[in-house]
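Residue-level listing of the chains:
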Amino acid sequence: MSMKDAMNPGIRKADVEIGGRFIAKVSGKLVKVRITAESSYGGWNAVNEESGRAIRIRSARRLRRRVKQVRCGECENCRTLIMLKPTWFKRYKAAKKALAEGSLNPDSWTPEQINAEWRRMCDESPCMGPKEI
Ligand SMILES: [Zn+2]
């Protein structure tokens, strides 16, 4: 077991659900797999999304992590958010600093408000081409 494997507890059995998508090592290669059913032989049946082949995952240890969706950074919505981000970050930092100094201007946002607004914007203009990693 490598140092990296020892430090990564991986996915626990209780975290695996039908329909879940994970990165798994299949034939020495990391690929995306989708869990399709529990296997009557133990573990789960899954589909290797890259080859389309059915495979069996004997143990949760074979699953490295979940497939994550991230913003593409290139679509119109992402570009707008990225363009806005420096301003947001500046306001956020200013609000945090003011909070720490106890000098928060009643007109300025709290970091919580800025975070909430950022989440709202992400919900309202979701990525049009999310990438999976
Ligand atoms: Zn995007």
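Structure: see above.
Residues numbered from 1 in each chain as written. Predicted model: local features only at pLDDT ≥ 70, side-chain atom pairs only at ≥ 80, totals over all residues.

### Looking at the overall build of the protein
1) Next: Of the regular secondary structure elements, the protein holds three helices and seven strands.
2) Next: What you see in the protein, going N to C, is helices and strands ordered as α-β-β-β-β-β-β-α-α-β.
3) Next: A globule of 133 residues ought to have a C-alpha radius of gyration of about 14 Å, yet the protein, at 21 Å, is considerably larger.
4) Next: By its C-alpha atoms, the protein is 65 × 35 × 25 Å across when sized along the principal axes.
5) Next: When burial is assessed residue by residue, the protein has 8% of its 133 residues classed as buried.
6) Next: Sequence separation of at least 24 residues holds for 45% of the intrachain contacts in the protein that already meet a minimum separation of 6. (Helix = DSSP H or I, 4+ residues; strand = E, 2+ residues; numbered from the N terminus. Rg over C-alpha atoms; globule rule 2.2 N^0.38 Å. Buried ≥ 20, exposed ≤ 12 C-beta atoms within 10 Å, placed from the backbone. Contact = placed C-beta atoms within 7 Å.)

### Concerning the sheet that holds strand S5 (residues 63-66)
1) Next: With antiparallel pairing, five strands are arranged side by side in an open sheet as S4-S3-S2-S1-S5. The open sheet has two edge strands, strand S4 (54-57) and S5, and neither has a second partner. Neighbouring strand axes in the sheet, compared pairwise and without regard to direction, differ in orientation by 45° on average. (Pairing = 2+ DSSP bridges. Axes fitted to C-alpha atoms, helices over the stretch in contact; angles between N-to-C directions.)

### Overview of the packing of helix H2 (residues 76-101) against helix H3 (residues 111-124)
1) Next: Relative orientation of the contacting elements H2 and H3 amounts to 160°, with a least axis distance of 9 Å. Accordingly, the angle class assigned to the pair H2 and H3 is roughly antiparallel. The hand of the H2/H3 crossing is left-handed. Seen from H2, the contacting residues are Leu81, Trp88, Arg91, Tyr92, Ala95, Lys96 and Leu99; seen from H3, they are Pro111, Ile114, Trp118, Met121 and Cys122. (Parallel < 35°, antiparallel > 145°, perpendicular 65-115°, else oblique. Left-handed = near helix turned anticlockwise from the far one by under 90°.)

### Structural notes on the environment of Phe22
1) Next: Here Phe22 lies in strand S1 (residues 21-26).
2) Next: According to the C-beta neighbour criterion, Phe22 is buried, with 23 such atoms within 10 Å.
3) Next: Measuring from C-alpha to C-alpha, the distance between Phe22 and Val33 comes to 5.4 Å, with 11 residues separating the pair along the chain.
4) Next: Contact partners of Phe22, with chain neighbours within four places excluded, come to Ile11, Val33, Leu63, Arg64, Arg65, Arg66 and Val67.

### Observations regarding unusual backbone geometry
1) Next: In the Ramachandran plot, Ser27 falls in the positive-phi region, its phi being about 50° despite a non-glycine side chain.
2) Next: Among the structural elements, Ser27 can be located in the loop between S1 and strand S2 (29-38).
3) Next: Ser27 gets classed as exposed once you count the C-beta atoms within 10 Å, which come to 9.

Remember, this is a structural readout, not a statement about activity or role.
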